[in-house]
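Listed below are the residues making up each chain.
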Amino acid sequence: MLQRLCSHSIDSRARVIVTSADAHVESFTWFPDSRSIMFRQTSYADLQSLQGEPVHEAVVDVASGAVRDAFTHRLDPQSKSILRECGDVIYLQNTTPDVSFSSQSLWSRGAAIDSTPTHIRYGTTDDALGIVDLGASHIAATIARGVDTTLEVLDAEYNSRAVFETHDDHFSEWDMKTVGPDKYAFVVLRSSAVRRESQEIWAGMAEPGAVGRVTHKLTTHNTWLSQDRMPVSHSLSWTSPDGQDVQGVVSYSQGVSMKNMPTILVIHGGPTSCVTL
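Remember, it's a predicted structure, so these values are computed and weren't measured experimentally.

Engineer: Describe the environment of glutamate 26, and please don't skip the residues or the numbers.
Structural biologist: Tracing the chain through its elements places glutamate 26 in strand S3 (residues 24–30). Owing to a relative accessible area of 24%, glutamate 26 belongs among the partly exposed residues under this scheme. In this structure the C-alpha to C-alpha distance between glutamate 26 and tyrosine 44, which are 18 residues apart in sequence, comes to 9.2 Å.

Below, the structure is given as structure tokens:
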């Protein structure tokens, strides 16, 4: 089913349908002044049908309902657009924008329809997995490097610093908020095959200029999965024939000898983003 963008007035309870019925609204983002909304439209609602399809962004003025074109992406971006107070638009896109199987990186463009996207960073030896708007033209990004993942904060000039780093663990979902000057609170859905810790939500804090750590376990949903039921896992690395350093994870049953065992290889694209640790 195709989704449409609608605006509702709290005072009059009136509803205005902004978009047409023959296009799908994939996502939308408010402008910092809350007077306009940028929304992304596609021809189909399912991702499989979007392979190779251009994706259009438009802007609607909330007061008048007037819609103007903003930008056309050659392929579907890998994140929602973030409109920063400094005037640019930030989003994740393939490092090679017209290649579907390319690592993800951070891109920026102006708000004008004829603006040219600029590659900011990431995507060569690492992979940008997600971004969050922190306000004041700051964003948070999650970056995968080998089997490790880092939460980083980038300021208005794209200077970055690490807020949280994994060590023998992994997180899939996350969020972050600014709670003071260069001070950040974050939550992660974290697990560790190496330490045999099941997936739970953890919270942490990063003080100014320091890398934070998780300190509070907020959920206990998977206590049924005890450590004695989990396989033994550890990370490993090797050098490929073309000289690249490759990382992976090996898992095997407890109490067995690592000799002449059947082996299943699960190989995924690169250059990074291991998600099984």
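The discussion continues.
Engineer: Describe the sheet that holds strand S16 (residues 183–192), naming the residues involved and giving the relevant values.
Structural biologist: Read from one edge of the open sheet, 4 strands run S15-S16-S17-S18, paired in antiparallel fashion. Every other strand in the sheet has two partners, leaving strand S15 (170–180) and strand S18 (213–217) as the edge strands with one partner each. This sheet shows a mean twist of 30° between the axes of neighbouring strands, independent of strand direction. Where S16 meets strand S17 (residues 197–206), 8 bridges bridge the pair, whose relative direction is antiparallel.

Engineer: Can you explain the pairing of strand S8 (residues 88–94)? Please cite residues and give values.
Structural biologist: Of all 7 residues in S8, 7 are buried, a share of seventy percent or more. Pairing geometry for strand S7 (residues 82–83) and S8, over 2 bridges, is antiparallel. Of the residues in S8, the one forming a bridge with isoleucine 82 is isoleucine 90. Hairpin geometry of S7 and S8 is characterised by an intervening segment of 4 residues between the two adjacent antiparallel strands and by a positive phi of about 110° at glycine 87.

Engineer: Pulling in residues and values, what's your account of the environment of serine 235?
Structural biologist: By the element assignment, serine 235 lies in strand S19 (residues 232–239). Measuring from C-alpha to C-alpha, the distance between serine 235 and proline 117 comes to 37 Å, with 118 residues separating the pair along the chain. Discounting chain neighbours no more than four positions away, the residues touching serine 235 are Val147, Asp168, Gly248 and Val249.

Engineer: Give me the packing of aromatic side chains: which residues, what numbers.
Structural biologist: Considering all chains together, one arrives at 2 aromatic pairs under this definition. With centroids separated by 6.0 Å and ring planes inclined at 45°, the aromatic side chains of phenylalanine 164 and phenylalanine 171 adopt a geometry described as tilted. By relative accessible area, which is 4% here, phenylalanine 164 ends up buried. For phenylalanine 171, a relative accessible area of 4% translates into the label buried. Between phenylalanine 164 and phenylalanine 186 the ring centres are 5.2 Å apart and the planes differ by 35°, which places this aromatic pair in the tilted class.

Engineer: Quick one: what's the story with the nonpolar core, residue by residue and with numbers?
Structural biologist: Formed by 16 residues in total, the largest nonpolar core has its most connected members in Leu151, Trp174, Met176, Phe186 and Val188. Counting residues per element, the ones that place at least two in this core are strand S11 (127–135), strand S13 (148–154), strand S14 (160–165), S15, S16 and S17. Residues Leu92, Ala128, Ile131 and Leu154 belong to the second largest nonpolar core, which totals 12 residues.

Engineer: Let's hear about the pattern of salt bridges: which residues, and what values?
Structural biologist: If the charged atoms of two oppositely charged side chains come close together, the side chains can form a pair. Applying the stated criterion to the full structure yields 12 salt bridges. Residue arginine 109 is joined to glutamate 57 by a salt bridge in which the shortest nitrogen-to-oxygen separation is 2.6 Å. Here arginine 109, found in strand S9 (residues 104–110), pairs with glutamate 57, found in strand S5 (residues 55–61); they are 52 residues apart in sequence, far enough to count as distant. According to the relative accessible area criterion, arginine 109 is buried, its value standing at 2%.

Rules behind the numbers
Each chain carries its own residue numbering, running from 1 in the written order of its sequence. Local features in this predicted model are restricted to residues whose pLDDT is 70 or higher, and side-chain atom pairs enter the listing and the counts only when it is 80 or higher, whereas totals over whole chains, interfaces and linings include all residues. Derived side-chain values reflect all non-hydrogen atoms in the structure, with water molecules and hydrogen atoms excluded from consideration. For the purposes of this entry, the term helix denotes a DSSP run of H or I that reaches at least four residues, the term strand denotes a run of E that reaches at least two, and both are numbered from the N terminus. Using a 1.4 Å probe on the protein chains alone, a residue whose accessible area is under 20% of its type maximum counts as buried, one over 50% counts as exposed, and one in between counts as partly exposed. A pair of strands is considered paired only if DSSP assigns at least 2 bridges between the two. Here an axis means a line fitted to C-alpha atoms, over the contact stretch when the element is a helix, while the angle between two N-to-C directions is reported on a 0 to 180 degree scale. Any two residues having at least one pair of non-hydrogen atoms within 4.5 Å are treated as being in contact. Two rings belonging to Phe, Tyr or Trp (six-membered ring only in the last case) form a pair when the distance between their centres is within 6.5 Å. Interplanar angles under 30 degrees mark stacking, angles over 60 mark edge-to-face geometry, and anything in between is tilted. We call a set of buried residues a nonpolar core when its members are Ala, Val, Leu, Ile, Met, Phe, Trp, Tyr or Cys and they connect through side-chain atoms within 4.5 Å of each other. Salt bridge criterion: a side-chain nitrogen from Lys or Arg within 4 Å of a carboxyl oxygen from Asp or Glu.

Read these as spatial facts, not as claims about activity.
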